[in-house]
There are 2 protein chains.
Amino acid sequence: MIEEAFKLDNQLCFRLYTASRLLTQAYHPLLSEYGLTYPQYLVLLVLWEKDAQPVNDIARRLFLETNTVTPLLQRMEKEGVLNRRKGENDARQMIVSLSRKGKLLRKKLSGVPFSVGNAVLCDSVTPESTPELFRMLDGIILNLSSR
Amino acid sequence: MIEEAFKLDNQLCFRLYTASRLLTQAYHPLLSEYGLTYPQYLVLLVLWEKDAQPVNDIARRLFLETNTVTPLLQRMEKEGVLNRRKGENDARQMIVSLSRKGKLLRKKLSGVPFSVGNAVLCDSVTPESTPELFRMLDGIILNLSSR
DNA sequence: TATATTTGCATCGTGAACGATATAAATTAA
DNA sequence: TTAATTTATATCGTTCACGATGCAAATATA
């Protein structure tokens, strides 16, 4: 059934692509108020969990390449959200740590997860069903990232 | 539990974002062989379903804005995959239709849905569970696109 | 009919993504 | 120790996404 396989409505990737974009858009008004983009917010989530990490660790945590993360971090440094300094043990590394401003953003953005979480909830996506959704998405991610 | 809400592992959007990116990457080797990107492939899916559509209809079908789609179509036109002509009834419209090359690509890419579909399958994502996954993603999309 | 508004598409600027490549520091091998 | 290789990060070029804006054609309003 090649016909069916080509239909947009049967495509998993298109759904993921669209859902991801729309949900990122939902973050936009909440983040732009503080001059942040969604990928920059992800970097903050990583650093809020554990401050002072090399570029590589941040990139791996986000499943991104350093050639994506480096310019991102440079922009964030320019905005004063974080600092970058050469590693002491390994001079190749660039250690990224939160600035005072970056730490303060955590409190200012404390409402964001709740706001966005609420925006997503609907008949098909409930607090009860999200674990199953997470499980499936994690399966896809694990499957595709290990090759 | 602000602490928990901020954890990357509790974020739906990050999962969607990552799964979408990784799955798009899985398409890459299959599409680049024919000089196509994933968004360009999506445009072809739309046109294979119904040829000769105005820019607006294509954009809406993909949940994209025309300022994203227009340059995409211009690149595809330059590659000879499709043609663009002024609308006859409404001169503002730009009618996009498949070229011979664009139509032929359908056969050449006939293995793509199957290849990618196989790459996704895992313990958590089976032919039996995908309808449920589709249902939840459709819920999110419907929910976020209608506002 | 003249004017205002809406609609469809295009252009511009910025920030991701990502393949390809470069560079310097660290590690391994010779 | 010197040379080859690997590793960590950065730079470059192209293609999205998307907010903001521009413009001409169509439609609505006065």
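Residues numbered from 1 in each chain as written. Chains lettered and ligands numbered in written order. Predicted model: local features only at pLDDT ≥ 70, side-chain atom pairs only at ≥ 80, totals over all residues. Heavy atoms only, no water.

## Let's talk about the overall build of chain A
Thinking step 1. Along chain A, the regular secondary structure elements total 8 helices and 3 strands.
Thinking step 2. Overall, chain A shows an N-to-C arrangement of helices and strands of α-α-α-β-α-α-β-β-α-α-α.
Thinking step 3. When the backbone C-alpha atoms are referred to their principal axes, chain A occupies close to 60 × 35 × 25 Å.
Thinking step 4. Counting only residues that meet the buried cut, chain A has 47% of its 147 residues in that class. (Helix = DSSP H or I, 4+ residues; strand = E, 2+ residues; numbered from the N terminus. Buried < 20%, exposed > 50% of the residue type's maximum accessible area, 1.4 Å probe, protein only.)

## Topic: unusual backbone geometry
All names here are of chain A.
Thinking step 1. The backbone phi angle of Ala52 is positive, close to 60°, even though this residue is not glycine.
Thinking step 2. Structurally, Ala52 can be placed in the loop between helix H3 (38-49) and strand E1 (53-54).
Thinking step 3. Judged by its relative accessible area of 31%, Ala52 is partly exposed.

## A closer look at the protein's contact with DNA strand C
Thinking step 1. Inspection of the region around DNA strand C gives 27 residues, with A:Thr37, A:Gln40, A:Arg75, B:Tyr17 and B:Arg84 positioned closest.
Thinking step 2. The contact atoms of DNA strand C, taken as those within 4 Å of the protein, divide so that sugar and phosphate hold 74%.
Thinking step 3. Within the contact set of DNA strand C, a phosphate oxygen lies 2.6 Å away from a side-chain nitrogen or oxygen of A:Gln40.
Thinking step 4. Taking B:Val55, its main chain carries an N or O atom lying 3.4 Å from a phosphate oxygen of DNA strand C.
Thinking step 5. Listed by contribution, the elements that provide at least two residues to the surface near DNA strand C are H3 and helix H5 (66-78) of chain A together with helix H2 (12-32), helix H4 (55-61) and helix H5 (66-78) of chain B. (Near = heavy atom within 4 Å. Polar contact = N/O pair within 3.5 Å; in protein donor to acceptor, adjacent residues only side chain to side chain.)

## Looking at the pairing of strand E3 (residues 94-98) of chain A
Residue and element names in this part refer to chain A.
Thinking step 1. Counted residue by residue, E3 has 4 buried out of 5 residues, so it is predominantly covered.
Thinking step 2. Summarising the sheet, strand E2 (residues 82-86) and E3 pair through 5 bridges and their orientation is antiparallel. Each residue of the ladder has a partner; that of Arg85, found in E3, is Ile95. (Pairing = 2+ DSSP bridges.)

## Some points on the protein's contact with DNA strand D
Thinking step 1. Around DNA strand D sit 27 residues in total, of which A:Tyr17, A:Gln25, A:Asn56, A:Arg84 and B:Arg75 are the nearest.
Thinking step 2. Near-protein atoms of DNA strand D (within 4 Å) split between backbone and bases, with sugar and phosphate holding 71%.
Thinking step 3. Within the backbone of A:Val55, a nitrogen or oxygen atom sits 3.3 Å from a phosphate oxygen of DNA strand D.
Thinking step 4. One of the side-chain nitrogen or oxygen atoms of A:Gln74 is found 3.0 Å away from a phosphate oxygen of DNA strand D.
Thinking step 5. Elements supplying a minimum of two residues to the surface near DNA strand D: helix H2 (12-32), helix H4 (55-61) and H5 of chain A together with helix H3 (38-49) and H5 of chain B.
Thinking step 6. Here the residues of the surface near DNA strand D sort into 8 nonpolar, 13 polar and 6 charged. (Nonpolar A, V, L, I, M, F, W, Y, C, P; charged D, E, K, R; others polar.)

## Quick look at the relation of the copies chain B and chain A
Thinking step 1. Of the transformation superimposing chain B on chain A, the axial component is 0.0 Å and the angular component is 180°, with the fit at an RMSD of 0.0 Å. When the rotation and shift are considered jointly, the pair of chain copies conforms to a two-fold rotation axis. Closest to the rotation axis within chain B is the C-alpha of B:Leu16, separated from it by 3.0 Å.
Thinking step 2. When you check the interface residues of chain B against chain A, 100% turn up at the interface there too, and the contact is symmetric in its surfaces. (Least-squares fit on C-alpha atoms with pLDDT ≥ 70 in both. Contact = heavy atoms within 4.5 Å.)

## Section: the side chain of B:Ser129
Thinking step 1. In this fold, B:Ser129 is placed in the loop between helix H7 (112-120) and helix H8 (130-145).
Thinking step 2. Of the polar contacts made by the side chain of B:Ser129, one reaches the backbone oxygen of B:Ser124; its length is 3.3 Å.
Thinking step 3. Within the structure, B:Ser129 has its side chain in polar contact with the backbone nitrogen of B:Thr126 (distance 2.9 Å).
Thinking step 4. Among all residues touching B:Ser129, those that are not within four sequence positions of it are A:Met136 and B:Ser124.

## A few points about the nonpolar core
Thinking step 1. By size, the foremost hydrophobic cluster in this structure holds 98 residues, and its most contacted members are A:Tyr41 and B:Tyr41.
Thinking step 2. Other than its neighbours up to four places away in sequence, A:Tyr41 contacts A:Tyr27, A:Leu31, A:Trp48, A:Leu109, A:Val112, A:Pro113 and B:Phe6. (Core = buried A, V, L, I, M, F, W, Y, C linked by side-chain atoms within 4.5 Å.)

## Section: the packing of aromatic side chains
Thinking step 1. This structure, assessed with the given rule, holds 15 aromatic pairs over all chains.
Thinking step 2. Between the aromatic rings of A:Tyr38 and A:Tyr41, the centroid separation amounts to 6.2 Å while the plane-to-plane angle is 40°, which identifies the pairing as tilted. Taken together, the residues A:Tyr38 and A:Tyr41, both in helix H3 and 3 residues apart, mark about one turn of the helix. Take A:Tyr38 and A:Tyr41: they sit in the same class, and that class is buried.
Thinking step 3. Pairing A:Tyr41 with A:Trp48 gives two aromatic rings, centres 6.5 Å apart and planes at 80°, and the pair type is edge-to-face. This pair shows no difference in class: A:Tyr41 is buried, exactly as A:Trp48 is.
Thinking step 4. Put simply, the rings of A:Tyr27, A:Tyr38, A:Tyr41, A:Trp48, A:Phe63, B:Phe6, B:Phe14 and B:Tyr17 touch in pairs and so form one group of aromatic residues. (Phe/Tyr/Trp six-rings, centres within 6.5 Å; stacked < 30°, edge-to-face > 60°.)

## Digging into the sheet that holds strand E3 (residues 94-98) of chain B
Residues and elements named next belong to chain B.
Thinking step 1. Read across the open sheet, the 3 strands follow the order E1-E3-E2; overall the sheet is antiparallel. Where the open sheet ends on each side, the last strands, each with one partner, are strand E1 (53-54) and strand E2 (82-86).
Thinking step 2. Seen against the sheet, H3 touches E1, E2 and E3 and runs at an angle of roughly 90° to E3. (Axes fitted to C-alpha atoms, helices over the stretch in contact; angles between N-to-C directions.)

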